[in-house]
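For reference, the chains in residue letters:
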Amino acid sequence: MKNYLLPSLKLTVVLIILCSVLYPLLIAGIATTAPGQGKGVTLSVNGKVVGYENIGQKFTKDEYFWSRPSAVDYNAAGSGGSNKAPYAPDFLATVQARIDSFAKHNPGVNKTDIPVELVTASGSGLDPDVSPAGAYIQVARVAKARNMPEGTIRKLIETHIEKPLLGIFGPEKVNVLKLNIGLDALGASNTGSH
């Protein structure tokens, strides 16, 4: 017994030091070299922080592009998905309610054309991006609410499409917060006011 107990205790102490002290310190040190120094990259308008680049926000007004739904109500302190099966009645009811709400605010859009990310939450509940299709399908609503030409809004989306990493890793995407900041700036430049 003694032959097993002492080596086990030594291994436990070594692993605690390695996994609970050294590894977290290494990761924290690496994070300080990243953009935002490990605290997240903030986005500002006129010197005021309006959000984080990689944390989704809730937009519900017709004059803004809407984000992907969140199972955690966009609470970055506790990210997570719904963990509901895709065939569960309450999950299907939630998705149907989102489809109905989107269709109500975007008349003329066929329900079958709504991109799936606009009616289902991501695994983290904090996804800051939608697909280009998810942005383009909202153009008519945003243009009407802002009394702007749809072509102008489409060009804005084009400038905000982020290509896959190295051209092959991941899909094209549009950061909704950045797009909405650009939309506000575009509106301010068109009206000559803030």
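It should be emphasised that the depicted structure is a prediction, and the values quoted were computed from it without experimental measurement.

Details of the overall build of the chain
Reasoning step 1: Secondary structure summary: the chain contains six helices and five strands in total.
Reasoning step 2: In the chain, the order of α-helices and β-strands from amino to carboxyl end is α-β-β-α-β-α-α-α-β-β-α.
Reasoning step 3: Against the 2.2 N^0.38 benchmark of 16 Å for 194 residues, the chain shows a C-alpha radius of gyration of 22 Å, more extended than a compact globule.
Reasoning step 4: Burial statistics for the chain: of 194 residues in total, 31% are counted as buried.
Reasoning step 5: Summed over all atoms, the accessible surface of the chain reaches about 12,400 Å², with 61% contributed by carbon and sulfur.
Reasoning step 6: Treating the 19 positive side-chain charges of the chain as one cloud and the 15 negative ones as another, the clouds have centres 7 Å apart.

Regarding the sheet that holds strand β4 (residues 161-162)
Reasoning step 1: With antiparallel pairing, three strands are arranged side by side in an open sheet as β3-β5-β4. Among the strands making up the open sheet, the edge pair consists of β3 (129-130) and β4.
Reasoning step 2: With two bridges connecting them, β3 and strand β5 (residues 173-175) associate as antiparallel partners. Paired with Asp129 across the two strands is Asn175, which belongs to β5.

Section: the environment of Gly78
Reasoning step 1: Of note, Gly78 is situated in the loop between β2 (48-52) and α2 (89-105).
Reasoning step 2: By relative accessible area, Gly78 is classed as partly exposed at 34%.

A word on the nonpolar core
Reasoning step 1: Counting residues in each nonpolar core, the largest one holds 30 residues, and the members touching the most others are Phe65, Ala135, Ile153, Ile157, Val174 and Leu179.
Reasoning step 2: Going through the elements one at a time, α2, α4 (139-146), α5 (150-160) and α6 (176-191) are the ones with two or more residues in this core.
Reasoning step 3: A total of five residues in this core trace back to one element, the largest contributor, which is α6.
Reasoning step 4: Contacts of Ile153, omitting those with residues within four sequence positions, involve Phe65, Val139, Val142, Ala143, Met148 and Leu183.

Comments concerning the packing of aromatic side chains
Reasoning step 1: For the structure shown, the criterion picks out two aromatic pairs.
Reasoning step 2: Pairing Phe59 with Tyr64 gives two aromatic rings, centres 5.8 Å apart and planes at 40°, and the pair type is tilted.
Reasoning step 3: On the basis of relative accessible area, Phe59 is assigned to the buried category, the value being 16%.
Reasoning step 4: Judged by relative accessible area, which is 19%, Tyr64 ranks as buried.
Reasoning step 5: With centroids separated by 5.9 Å and ring planes inclined at 85°, the aromatic side chains of Trp66 and Phe102 adopt a geometry described as edge-to-face. With Trp66 in the loop between β2 and α2 and Phe102 in helix α2, this pair connects stretches of sequence that are 36 residues apart.

A few points about helix α1 (residues 2-31)
Since the α-helix packs 3.6 residues into each turn, any two residues three or four apart lie on the same face.
Reasoning step 1: Taking 1.5 Å of rise per residue, the 30 residues of α1 would be expected to cover 44 Å, and the 42 Å separating its terminal C-alpha atoms lies within 8% of that figure.
Reasoning step 2: Where α1 bends most, the angle comes to about 30°, and this point is Leu22, followed within four residues by the proline Pro24.

Some thoughts on the side chain of Asn180
Reasoning step 1: Turning to its location among the elements, Asn180 is positioned in helix α6.
Reasoning step 2: Beyond its immediate stretch of four places on either side in the chain, Asn180 contacts Phe59, Tyr64 and Phe65.

Here's the deal with the pairing of strand β1 (residues 42-45)
Reasoning step 1: Looking at chain direction, β1 and β2 are connected through four bridges and run antiparallel. Note on β2: the bridge partner recorded for Val45 is Lys48.
Reasoning step 2: Linkage of β1 to β2, two consecutive antiparallel strands, is achieved through a turn of two residues, within which Asn46 is found at a positive phi near 55°.

Concerning the confidence of the model for the chain
Reasoning step 1: Summary statistics for the chain give a mean pLDDT of 87 and a share of 95% for residues scoring 70 or more.
Reasoning step 2: Taken element by element, the chain is modelled with least confidence in α6, mean pLDDT 83, and with most confidence in helix α3 (residues 132-136), mean pLDDT 96.

A word on the pattern of salt bridges
Reasoning step 1: For the coordinates displayed, the defined rule picks out nine salt bridges.
Reasoning step 2: Asp73 is the partner of Lys58 in a salt bridge, and the nearest nitrogen-oxygen pair spans 3.8 Å. One end of the pair, Lys58, is in the loop between β2 and α2; the other, Asp73, is in the loop between β2 and α2, with 15 residues separating them in the sequence.
Reasoning step 3: The shortest N-O distance in the salt bridge between Glu172 and Lys163 comes to 2.8 Å.
Reasoning step 4: By sharing partners, the salt bridges in this structure join Glu53, Glu162 and Lys178 into a single network.

Cut-offs applied
- Residues numbered from 1 in each chain as written.
- Predicted model: local features only at pLDDT ≥ 70, side-chain atom pairs only at ≥ 80, totals over all residues.
- Heavy atoms only, no water.
- Helix = DSSP H or I, 4+ residues; strand = E, 2+ residues; numbered from the N terminus.
- Rg over C-alpha atoms; globule rule 2.2 N^0.38 Å.
- Buried < 20%, exposed > 50% of the residue type's maximum accessible area, 1.4 Å probe, protein only.
- Areas by Shrake-Rupley, 256 points an atom, 1.4 Å probe, with all protein chains shown as cover.
- Lys, Arg positive; Asp, Glu negative; His and termini not counted.
- Charge placed at Lys NZ, Arg CZ, Asp CG, Glu CD.
- Pairing = 2+ DSSP bridges.
- Core = buried A, V, L, I, M, F, W, Y, C linked by side-chain atoms within 4.5 Å.
- Contact = heavy atoms within 4.5 Å.
- Phe/Tyr/Trp six-rings, centres within 6.5 Å; stacked < 30°, edge-to-face > 60°.
- Expected span 1.5 Å × (residues − 1).
- Bend = angle between axes of the 7 residues up to and from the residue.
- pLDDT = per-residue confidence, 0-100.
- Salt bridge = Lys/Arg side-chain N within 4 Å of Asp/Glu carboxyl O.

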